[in-house]
Amino acid sequence: MGFPHPPHPRETQVLSRWFGDAEARTYAGWIKRGGYAALEQALGMTREQVIEEVKTSGLRGRGGAGFPAGVKWSFMPRQKTKAHYLCCNADESEPGTFKDREIMRWTPHQLLEGCAIAAYAIQAEQVFLYIRGEFTEPLRIMQAALDEAYARGVLGANAMGKGVRIDITIHRGAGAYICGEETALMNSIEGKRGNPRIRPPFPAAVGVFGCPTTINNVETLSSVPHIIARGGAWYKGLSLSSPKSTGTKLFSICGTVARPGNYEVTMGFPLKELLLDLAGGMRPGRTLKAVIPGGSSVPILTAEEAMDTLLDYEGCVAKGTMLGSGGMIVLDDSVDMVYQVMRLARFYAHESCAQCTQCREGTAWTVKILQRILGGEGRPADLDVLLDLSEQMTGRTICVLSDSCAAPVVSAIRKFRPEFERYLGHGKAAARA
Amino acid sequence: MSAADGAGTGGAGGAGGSGAGARTGAAATARARAEHGVAVLPAVFGDEGRRKLDAILARYPAKSGALLPALWMVQEAHGWVSPEGMAEVAAVLGLTPAYVKGVVTFYTMYHQHPVGKYFVQVCTTTPCNVCGAEDVVAAFLKATGAGALGATSPDGLWTVVESECLGACGFATPVMINDDFIEGVTAESVPALVARYR
Ligand SMILES: Cc1cc2nc3c(=O)[nH]c(=O)nc-3n(C[C@H](O)[C@H](O)[C@H](O)COP(=O)(O)O)c2cc1C
Ligand code: FES
């Protein structure tokens, strides 16, 4: 549902079906809604069968990169020589994204069930659920659900009485966007600074505590019980568009929009309809200026481009952007594009782990130059300097935080150049007029 | 394990100077604080804290895994992560204080200085920013008397900071007051909110 709004008839509620229903948070409530049947079913299948079903479904990672989940699981060693781990990524810090929070707040058992099924599939006896430190309420709700799941024998040394060990541990983050990057996340679990690691080795070979590890997003894992219960073919059939983008997706819509919230629609849903019908369009008297469709790390779309974008991985790429995390930032005609791009760059500068020169220096200089422009002291060459700097920040670092800063900056300058130029030519007096 | 056990139960915050090795620094700092009339922070990993820590340690294949949780325990007990707290954590986990400090400084939520009784974080990242988050910050600075970002109000009650995206962008503007997560705060609703805590 478009939580906190009532469900819209055009939504396809799979993950969000029980949002707003506090009873679903409890073990008894979850069982009453058919919960943990999928886990029981999965534990009766072979691990290969579980992975095959998820491959069939076409489920792709919902954390941003869109990597097929079943394929990722199949990278884990078949012959287990040391401990295997599953890490569930609940660091959700990408500006514009707030879907995992809602999943955890309303359906904690949905996530635990998905974690347990995935852990079984990849032969992991231990799951680390990495929740960002600021999520105090989801943390409390997840912990309560976890305690109940242990008390009921769902988890532990003899999970569901099936002789399989599945332990889940909540690991609380402590404030760092970069810990959402999967290798930084593993370092953070190990009690280190959250610096991303150089790959290879990939996590499936050398992950957390040096052992084979799979990292998946909250929404990805929460989709798994439904795929097991109703079949991979069913999930695949939910797509409206490309066979490469399947199932439903929770879109978080925020910014200057009439009804911000989480809306669950099938892949391939038109952005225009999601924005205008489901989310209520613009606020009174306002017109759309731009949309950042996939969390703040992806290129900005103009209103015109946004209006014929299909919301799936391929549809966004066709428009020169990315589906990312599905966090959609809506900007209307009241928004000062230059100031907000500076504010986004400030986010990345603040969150850079500072390992790589291009990122540490690049994000900081991007902010400085944008602030100079905003202060009316911009130089004629500044926009080209920013574009050049952004190019140097792309594809050259250990992780893509640096690229993520460049993407909105470059697209904003390309598509809204007159707004930047207005600041340039007019000295201090006209700044932010 | 046993070496750390011994070090951990001695009460690193005590001014008795009983520590050895990695703990000497903590004991010395604590003694200096006591001499200068600065409050001595009680040990976090006494009997009960130690039991809690042991339960955490059991969930990780290496002791270092318990570092972030242990630092949370220190902050919960003291309101911030002091040098003594870091030294105590280092001792119980078999790490050096310098290593622990390196980790503490990476994460924004560990306070490296005492803060007001109420620590207010207002998200001002773009999605909230376009919905008036900066006005919310200004309203907090005014209503609390904190005056400036990062400063603590003269009554010692309030510290207000801007935070980056709190992961609740559809509920602009989200605000954290200590562990309370409050959605949909507006500049207009701030005075009543502040009054509720006072
Ligand atoms: C800077 C950065 C931040 C990220 N933050 C998150 C995050 O908060 N949550 C998340 O699930 N993935 C995040 N990711 C993506 C993860 O690295 C990883 O691809 C994902 O968790 C894998 O899960 P999935 O395949 O289920 O999507 C981030 C990546 C980068 C580079
Ligand atoms: S931008 Fe404010 S919570 Fe995400």
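Keep in mind that this is a model prediction, so the values were computed, not measured. (Residues numbered from 1 in each chain as written. Chains lettered and ligands numbered in written order. Predicted model: local features only at pLDDT ≥ 70, side-chain atom pairs only at ≥ 80, totals over all residues. Heavy atoms only, no water.)

Now for the interface of chain B and chain A. Contact residues are listed per partner, giving 42 residues for chain B and 61 residues for chain A. A per-residue breakdown of the area chain B buries against chain A is headed by R59(B), F106(B) and E164(B), which together make up 18% of the total. R343(A) is paired through a salt bridge with E164(B); the nearest N and O atoms lie 3.4 Å apart. Linking chain B with chain A are 25 residue pairs in polar contact (both at pLDDT 80 or more). Looking at the side of chain B that touches chain A, the elements with two or more residues in it are α4 (67-78), α6 (97-104), α7 (126-129) and β2 (158-163) of chain B. The element that contributes the greatest number of residues to the side of chain B that touches chain A is α4(B), accounting for five residues. The residue inventory of the side of chain B that touches chain A, partitioned by class, reads 23 nonpolar, 12 polar and seven charged. (Contact = heavy atoms within 4.5 Å. Buried area = accessible area lost by both parts, 1.4 Å probe. Salt bridge = Lys/Arg side-chain N within 4 Å of Asp/Glu carboxyl O. Polar contact = N/O pair within 3.5 Å; in protein donor to acceptor, adjacent residues only side chain to side chain. Helix = DSSP H or I, 4+ residues; strand = E, 2+ residues; numbered from the N terminus. Nonpolar A, V, L, I, M, F, W, Y, C, P; charged D, E, K, R; others polar.)

Turning our eyes to something else, we now look at the nonpolar core. In this structure, W73(A), L93(B) and Y107(B) are the most contacted members of the largest nonpolar core, which totals 159 residues. Apart from residues no more than four positions distant in its own chain, L93(B) is found in contact with L53(B), L57(B), K63(B), A66(B), L67(B) and A70(B). Core analysis: the next-biggest nonpolar cluster, separate from the first, contains 24 residues, I253(A), L288(A), V291(A) and L301(A) among them. (Core = buried A, V, L, I, M, F, W, Y, C linked by side-chain atoms within 4.5 Å. Buried < 20%, exposed > 50% of the residue type's maximum accessible area, 1.4 Å probe, protein only.)

With that settled, consider the packing of aromatic side chains. Counted by the stated rule, this structure contains 17 aromatic pairs over all chains. With a centroid separation of 5.9 Å and 50° between ring planes, the pair formed by F67(A) and F75(A) is classed as tilted. Pairing F128(A) with Y60(B) gives two aromatic rings, centres 5.3 Å apart and planes at 15°, and the pair type is stacked. Here Y60(B) lies in the loop between α3 (47-57) and α4 and F128(A) lies in strand β2 (residues 126-131), a pairing that spans two chains. In this pair, the class of F128(A) matches that of Y60(B), namely buried. Counting every residue linked through ring pairs, the aromatic cluster contains Y85(A), F128(A), F209(A) and Y60(B). Here R101(A) stacks its cationic end above the ring of F171(B), 5.4 Å away from the centre of that ring. (Phe/Tyr/Trp six-rings, centres within 6.5 Å; stacked < 30°, edge-to-face > 60°. Lys NZ or Arg CZ within 6 Å of the ring centre and 35° of its normal.)

This next bit is on the pattern of salt bridges. Residue and element names in this part refer to chain A. Scanning the model with the defined rule gives 34 salt bridges over all chains in all. Close ionic contact of E40 with K162 constitutes a salt bridge, the shortest N to O distance being 3.6 Å. With E40 in helix α2 (residues 37-43) and K162 in the loop between β3 (156-159) and β4 (164-172), this pair connects stretches of sequence that are 122 residues apart. Among the residues examined, E40 registers a relative accessible area of 41% and is labelled partly exposed. Residue class for K162 comes out partly exposed when judged on its relative accessible area of 38%. Residue K319 pairs with D308 through a salt bridge whose shortest N-O separation is 3.0 Å. Residue K319 is located in the loop between α13 (313-318) and β12 (327-332), and its partner D308 is located in the loop between α12 (303-307) and β11 (310-311); the two are separated by 11 residues in the primary sequence.

Another point: the packing of helix α6 (residues 108-121) of chain A against helix α9 (residues 218-230) of chain A. All names here are of chain A. At a closest axis distance of 7 Å, the pairing of α6 and α9 adopts a crossing angle of 80°. What the angle tells us is that α6 and α9 run roughly perpendicular. Contacts from Q110, L111, E113, G114, C115, I117 and A118 of α6 reach α9 at V218, L221, S222, V224, P225, H226 and I228. When its residues are assigned to classes, the contact of α6 with α9 shows nine nonpolar, four polar and one charged. (Axes fitted to C-alpha atoms, helices over the stretch in contact; angles between N-to-C directions. Parallel < 35°, antiparallel > 145°, perpendicular 65-115°, else oblique.)

Residues and elements named next belong to chain A. The full set close to ligand 1 counts 18 residues, and G63, K72, N216, N217 and T220 are the nearest of them. A distance of 2.9 Å is found between an oxygen atom of ligand 1 and a side-chain nitrogen or oxygen belonging to N89. If one sorts the elements of the shell around ligand 1 by residue count, strand β5 (residues 213-217) sits on top with three residues. Class assignment for the residues of the shell around ligand 1 results in four nonpolar, eight polar and six charged. (Near = heavy atom within 4 Å.)

We now examine the side chain of T125(B). Secondary-structure assignment places T125(B) in the loop between β1 (118-123) and α7. With a relative accessible area of 1%, T125(B) lands in the buried category. Engagement of the side chain of T125(B) in a polar contact is seen with the backbone nitrogen of C165(B), the distance being 2.8 Å. Apart from the residues within four sequence positions on either side, T125(B) is in contact with P95(A), R343(A), F347(A), S163(B), E164(B) and C165(B).

A few words on the sheet that holds strand β10 (residues 301-302) of chain A. Residue and element names in this part refer to chain A. Read across the sheet, five strands follow the order β7-β6-β12-β9-β10 without closing on themselves; strand pairing throughout is mixed. The sheet is open, and its two borders are formed by β7 (261-266) and β10, each paired with just one other strand. In terms of strand pairing, strand β9 (residues 288-292) meets β12 through four bridges, oriented antiparallel. Paired with I292 across the strands is I329, a residue of β12. (Pairing = 2+ DSSP bridges.)

Residues and elements named next belong to chain A. Spatially, the five strands line up as an open sheet ordered β3-β4-β2-β1-β5, and their pairing is mixed. Two strands close off the open sheet at either side, each with one partner strand: β3 and β5. Within the sheet, the average angular offset between the axes of one strand and its neighbour, ignoring direction, is 25°. The pairing of β2 with β4 spans six bridges and is classified as parallel. Paired with V127 across the strands is I168, a residue of β4.

The next thing to look at is the pairing of β12(A). Remark: a regular strand shows side chains that alternate across the two faces of the sheet. Residue and element names in this part refer to chain A. Most of β12 is tucked away: six of the six residues are buried. Here β12 shows two buried faces, one formed by G327, I329 and L331 and the other by M328, V330 and D332. Direction of pairing for strand β6 (residues 248-255) relative to β12: parallel, over a ladder of four bridges. Across the sheet, residue S252 finds its bridge partner in β12, namely G327.

Looking now at the confidence of the model for chain B. All names here are of chain B. With 80% of its residues at a pLDDT of at least 70, chain B reaches an overall mean of 86. Between residues 1-24, whose pLDDT stays under 50, and residues either more than four places distant or in other chains, the model counts 37 contacts. Predicted complex metrics record ipTM = 0.95 and pTM = 0.93. (pLDDT = per-residue confidence, 0-100.)

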